[in-house]
Amino acid sequence: MPSLDRQLRSLYAYAFFTYPFACVPFLFLFFRQHGIGEAGYGEVVGAYYLAMFVAELPTGVLADRFGPQRMLVAGPLLLAIGFLTLLAWPTYPGFLLGEVLLGLGHAVLSGPPAAILYETLARHGQQHRYLAIESKLSALRLLGTGCAFLLGGALVRTSGDYTQAIVATAVGNVVATVLALRIHGGPARPSLRAQTFLAHAGTELRKKPVLWLLAYWIVLFALLRFPFHNYQPWLQSAGEQEPLLHDPLFVGLLFAAMNLGAAPMSALVPRLVERWGRRLLFWSMPLLLGASLAVMAWERGRAAAGNGSASLAWLGIAMFFVQQVPFGMHTALLQEFVNHRIGPTARTTLLSAVSLGARSVYAAVNVGLFSLQQHRGLAAAFWTAAILGSALACVVLWLRPRGLLRGAGPVA
């Protein structure tokens, strides 16, 4: 078994290349170039989340039964194949298939990185360092994705199309696959009968803190993902007031800057927990997202009424960066919450179950909101997400088990 330092170095390198999404800022434009409107875009993205819904628990079970390291190898490979499918079959059915493969790849990766980190630290008696190390890994993932966004913007600007950015993304995924081979999977997994294994998983899932986190994560996930998938449509619309927003290099710089802004927030999570406590952080993440969506809705409403301006468009862009604060914080906080409350037998399965609930709900939410957006405009979709998301967040937080988010130490 490698030393802790060596294992962590391998995990750090893998984190940087986990999501090298050079083409993501331009996928909406790539789809639209091939005849896909906003409602079709919502359906294609919905297929991605539906695939994750179907695959989350099976891939989590496979990781728990056979070890998360194998999932770290398989995930990026599936992502590479998915992106290349978009390029090789640029039609509505091809986009559906490509997004399904991307959903499978993300499902494979939803729990294993966190599980393998926690188990690595636990084997060395240092699980109390989980939040600090996971925060660094989250920051590295954001940093790597930000650099990929910048590369994608440069490639689209110089080539005039989106092909090179998609190829660069697939190459980055292959690099992640190679790096995963250097990560040690730990000791052999216990060979439990399927009935015993599922009983363990069911017991863990019925714990009140885990059930509450599932409800919270569903709301937070929707508030995080809707603006992310809408950045490019929003930029295309706001480009009528500020033409710079149509420049591919600027778009790549903007997406890179957002990720680079989120990375320090991830690294700061342990200090924020120590300074402010978990209760304030859990309340602030969804409410900050809801407020930023309301500002974006107000700005697009004024533009639709003929009262838009370049300065108001930049106000909307400022909300992109506000949204990076909870985006940078949420992964480490939520995974620490789960990892310290469940046993090792079904850890990846439980992380996948929480992810499954959020993504299954958001698949329908995404289709509905983008259909509303095509028929009623950006402002209506953003107002709907802001109001309903904020209201549901308040209800879920108010109903949390008593004393659940107290404390600011290394374990919630």
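It should be noted that the structure appears before, not after, this text.
Residues numbered from 1 in each chain as written. Predicted model: local features only at pLDDT ≥ 70, side-chain atom pairs only at ≥ 80, totals over all residues. Heavy atoms only, no water.

Draft legend 1. View of the overall build of the protein chain. Of regular secondary structure, the protein chain possesses 16 helices and zero strands. Across the 412 residues that make up the protein chain, the buried fraction comes to 55%. Once local pairs closer than 6 in sequence are excluded, the contacts in the protein chain between residues at least 24 apart make up 86%. For the protein chain, the exposed surface amounts to about 16100 Å²; the carbon and sulfur share of it is 66%. (Helix = DSSP H or I, 4+ residues; strand = E, 2+ residues; numbered from the N terminus. Buried < 20%, exposed > 50% of the residue type's maximum accessible area, 1.4 Å probe, protein only. Contact = heavy atoms within 4.5 Å. Areas by Shrake-Rupley, 256 points an atom, 1.4 Å probe, with all protein chains shown as cover.)

Draft legend 2. The nonpolar core, seen in detail. Membership of the largest hydrophobic core comes to 109 residues, with the highest contact counts inside it found for Phe-31, Trp-212, Tyr-216, Trp-234 and Phe-282. Looking at which element gives the most residues to this core, the answer is helix 10 (residues 208-238), with 16 residues. Contact partners of Trp-212, with chain neighbours within four places excluded, come to Phe-282, Phe-337, Val-396, Leu-397, Leu-399, Arg-400, Pro-401, Leu-404 and Leu-405. (Core = buried A, V, L, I, M, F, W, Y, C linked by side-chain atoms within 4.5 Å.)

Draft legend 3. Here's a closer look at the packing of helix 11 (residues 248-267) against helix 12 (residues 269-276). Remark: helix 11 packs on helix 12, axes separated minimally by 4 Å, with the N-to-C direction vectors making an angle of 55 degrees. Here helix 12 runs oblique to helix 11, going by the angle between their axes. Contacts from Met-265, Ser-266 and Ala-267 of helix 11 reach helix 12 at Val-269, Pro-270 and Leu-272. (Axes fitted to C-alpha atoms, helices over the stretch in contact; angles between N-to-C directions. Parallel < 35°, antiparallel > 145°, perpendicular 65-115°, else oblique.)

Draft legend 4. Here's a closer look at the packing of helix 4 (residues 68-88) against helix 5 (residues 92-109). Packing of helix 4 against helix 5 brings their axes to within 8 Å, and their N-to-C directions diverge by 165 degrees. Between helix 4 and helix 5, the angle falls in the class roughly antiparallel. Like other packed secondary-structure pairs, helix 4 and helix 5 cross with a definite hand, here left-handed. Contacts between helix 4 and helix 5 pair Met-71, Leu-72, Ala-74, Gly-75, Pro-76, Leu-78, Leu-79, Ile-81, Gly-82, Phe-83, Thr-85 and Leu-86 from the former with Gly-94, Phe-95, Leu-97, Gly-98, Glu-99, Leu-101, Leu-102, Leu-104, Gly-105, His-106, Val-108 and Leu-109 from the latter. (Left-handed = near helix turned anticlockwise from the far one by under 90°.)

Draft legend 5. Main features of the pattern of salt bridges. All chains considered together, the criterion is met by three salt bridges. A salt bridge links Arg-157 to Asp-247; the shortest N-O distance between them is 3.2 Å. Pair noted here: Arg-157 is in helix 7 (residues 130-159) and Asp-247 is in the loop between helix 10 and helix 11, with a separation of 90 residues, a long-range link. Of the residues examined, Arg-157 reaches a relative accessible area of 45% and is grouped as partly exposed. (Salt bridge = Lys/Arg side-chain N within 4 Å of Asp/Glu carboxyl O.)

Draft legend 6. Inspection of helix 11 at higher detail. With 20 residues, helix 11 should reach 28 Å at 1.5 Å per residue; the first-to-last C-alpha distance of 29 Å fits that figure. Listed as buried for helix 11 are Phe-250, Val-251, Gly-252, Leu-254, Phe-255, Ala-256, Met-258, Asn-259, Ala-262, Ala-263, Met-265 and Ser-266. The backbone nitrogen of Leu-249 lies 2.9 Å from a side-chain oxygen of the residue at the head of helix 11, namely Asp-247. (Expected span 1.5 Å × (residues − 1). Polar contact = N/O pair within 3.5 Å; in protein donor to acceptor, adjacent residues only side chain to side chain.)

Draft legend 7. Up close: the packing of aromatic side chains. Overall, the coordinates contain 28 aromatic pairs when judged by the stated rule. With a centroid separation of 5.2 Å and an interplanar angle of 75 degrees, the aromatic rings of Phe-16 and Phe-17 are classed as edge-to-face. Classification of Phe-16 by relative accessible area gives partly exposed; the value is 25%. Overall, the relative accessible area of 30% leaves Phe-17 in the partly exposed class. For the ring pair Tyr-48 and Tyr-49, a centre distance of 4.7 Å and an interplane angle of 80 degrees mean the geometry is edge-to-face. The two residues Tyr-48 and Tyr-49 agree in class, both being buried. (Phe/Tyr/Trp six-rings, centres within 6.5 Å; stacked < 30°, edge-to-face > 60°.)

Draft legend 8. Up close: the environment of Val-175. Within the secondary structure layout, Val-175 lies in helix 8 (residues 163-180). Residue class for Val-175 comes out partly exposed when judged on its relative accessible area of 31%. For the pair Val-175 and Leu-77, spaced 98 residues apart in sequence, the C-alpha to C-alpha distance is 9.5 Å.

Draft legend 9. The arrangement of the side chain of Gln-373 in detail. Relative to the helices and strands, Gln-373 is located in helix 15 (residues 347-376). Within polar-contact distance, the side chain of Gln-373 engages the side chain of Asn-230 at 2.6 Å. If we skip the residues at most four places from it in the chain, Gln-373 touches Glu-38, Phe-226, Asn-230, Pro-233, Leu-378 and Ala-381.

Draft legend 10. Structural detail: the environment of Ala-332. Assignment of secondary structure puts Ala-332 in helix 14 (residues 310-339). For Ala-332, a relative accessible area of 0% translates into the label buried. Separated by 65 residues in the primary sequence, Ala-332 and Ala-267 have C-alpha atoms spaced 9.2 Å apart. Setting aside anything within four residues of it in sequence, one finds Ala-332 in contact with Leu-131, Glu-134, Ser-135, Ser-138 and Val-269.

Purely spatial values, then, with no claim about function.
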